[in-house]
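Commentary on secondary and tertiary structure
The lines below spell out each chain.
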Amino acid sequence: MSDNNPEEEEKPKKKKGKMKGTIIGLLGVAIVGGGGAAGGFYVAGSMGGENHEPEDPNKPKIILKDGTAVSEKEAKTAMPTENESKFKVTYHQIEQPFTSNLSHSESFAQMSLAISTYYDERVFENVTEHEIALRSAVLLELGQQDPIELETPVGKVKLKAKLRDVINTTLKEKAGFGGIEDVYFTSLVIQ
């Protein structure tokens, strides 16, 4: 019966072709879905999971008040709050004063600075090693200041922030790491 009717012969072939297409389609969905899931797990692991990059052993460590040295990753759980700092603050006086003419005037400023960090002694070793570059950067920044603005408390606070940023930028360029938390005027004269 099937030998004589060509329509009956076509039916099984169509089913096989349709089934083959369905299987290929399902395999494609499984591959794409599996790849998407793997990609999602990879991104989730790199964003929220453990950081697999090795920590630089030469990078300064943060010092807790009890004297324990911890990495930045470990310190993120112990960041200082307004009421209580868990970090030990270390200060360093820069020995020589800074003197510079001020921008667009005949005035000049003379100041002595101290800096602070939560990191270990390597930050101050970098400061000492690169003192000439730091002095130059500080003097360039000081020379750009307006003497009238420096007469105000707000102007002095802005200068402190600028000096901290200039020092950190210079340390990052020269030593690969900044680490200065704050800058303090131990003397400041504007004439």
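Described in the following lines is the structure provided in the data block. (Residues numbered from 1 in each chain as written. Predicted model: local features only at pLDDT ≥ 70, side-chain atom pairs only at ≥ 80, totals over all residues. Heavy atoms only, no water.)

1. Considerations on helix α6 (residues 153-175)
The terminal C-alpha atoms of α6 lie 32 Å apart, and with 23 residues this matches the ideal 33 Å at 1.5 Å per residue to within 8%. Turning to α6, its buried residues are Gly 155, Leu 159, Leu 163, Val 166, Ile 167, Asn 168, Thr 170 and Leu 171. Looking at the residues trailing α6, positive phi occurs at Gly 176, about 90°. (Helix = DSSP H or I, 4+ residues; strand = E, 2+ residues; numbered from the N terminus. Expected span 1.5 Å × (residues − 1). Buried < 20%, exposed > 50% of the residue type's maximum accessible area, 1.4 Å probe, protein only.)

2. Quick notes on the packing of aromatic side chains
Scanning the model with the defined rule gives three aromatic pairs in all. On the basis of an interplanar angle of 45° and a centroid distance of 5.3 Å, the ring pair of Phe 87 and Tyr 118 is categorised as tilted. Here the residue Phe 87 occupies a position in the loop between α2 (72-75) and β3 (90-93), and Tyr 118 occupies one in the loop between β5 (108-117) and α3 (122-129), the gap between them amounting to 31 residues. Judged by its relative accessible area of 2%, Phe 87 is buried. The buried category is assigned to Tyr 118, whose relative accessible area is 19%. Each ring, one from Tyr 119 and one from Phe 177, has its centre 4.8 Å from the other, and the planes form 80°; the classification is edge-to-face. In this pair, Tyr 119 sits in the loop between β5 and α3 while Phe 177 sits in the loop between α6 and β6 (182-190), placing the two residues 58 residues apart along the sequence. Of the two residues, Tyr 119 and Phe 177, both sit in the buried class. In this arrangement the basic side chain of Arg 135 is found over the ring face of Phe 98, its NZ or CZ atom lying 4.3 Å from the centre. (Phe/Tyr/Trp six-rings, centres within 6.5 Å; stacked < 30°, edge-to-face > 60°. Lys NZ or Arg CZ within 6 Å of the ring centre and 35° of its normal.)

3. Some remarks on the environment of Leu 188
Within the secondary structure, Leu 188 is located in strand β6. You can call Leu 188 partly exposed: its relative accessible area is 24%. The spacing of Leu 188 and Thr 99 is 89 residues in sequence and 9.8 Å in space, taken between C-alpha atoms.

4. Observations regarding helix α4 (residues 131-143)
Counted at 1.5 Å a residue, the expected span for α4 with its 13 residues is 18 Å, and the 18 Å between its end C-alpha atoms agrees. Listed as buried for α4 are Leu 134, Arg 135, Ala 137, Val 138, Glu 141 and Leu 142. Seen from one end, α4 has its buried residues packed into an arc of 165°, which puts them on one side. In α4, the exposed positions angled more than 90 degrees off the buried face are occupied by Ile 132 and Leu 140. Residues of α4 that are buried in the fold lie against β4 (98-101), β5, α3 and α6. (Arc of directions from axis to C-beta. Contact = heavy atoms within 4.5 Å.)

5. A word on the pattern of salt bridges
Considering all chains together, one arrives at four salt bridges under this definition. The salt bridge involving Asp 120 is made with Arg 122; its shortest N-O contact spans 2.7 Å. When its relative accessible area of 8% is taken as the criterion, Asp 120 is described as buried. Given the relative accessible area of 21%, Arg 122 is considered partly exposed. When the shortest N-O distance is used, the salt bridge between Asp 182 and Lys 160 registers 3.7 Å. Here Asp 182, found in strand β6, pairs with Lys 160, found in helix α6; they are 22 residues apart in sequence, far enough to count as distant. (Salt bridge = Lys/Arg side-chain N within 4 Å of Asp/Glu carboxyl O.)

6. A look at the nonpolar core
In terms of nonpolar packing, the biggest core is built from 28 residues, with Leu 113, Ile 115, Ile 167 and Ile 180 touching the most fellow members. For this core, the elements supplying multiple residues, two or more each, are β5, α3, α4 and α6. When near neighbours in sequence (up to four residues on either side) are disregarded, Leu 113 contacts His 92, Gln 93, Ile 94, Phe 98, Val 138, Leu 163, Val 183, Tyr 184, Phe 185 and Thr 186. (Core = buried A, V, L, I, M, F, W, Y, C linked by side-chain atoms within 4.5 Å.)

7. A closer look at empty space enclosed by the protein
Summed over the entire model, instances satisfying the criterion amount to one cavity of 30 Å³ or more. One number sums up the size of the largest cavity: a volume of about 50 Å³. As for the largest cavity, its lining consists of Ile 94, Phe 98, Val 127, Glu 131, Leu 134, Arg 135, Val 138 and Ile 167. At four residues, α4 tops the list of elements feeding residues into the lining of the largest cavity. (1 Å grid on protein atoms, 1.4 Å probe; cavity = no way out; pocket = protein on both sides within 12 Å on 5 of 7 lines; lining within 4 Å. Points joined across faces, edges and corners; volume = space filled by probe spheres on them.)

Any functional reading would require information that these geometric values do not contain.
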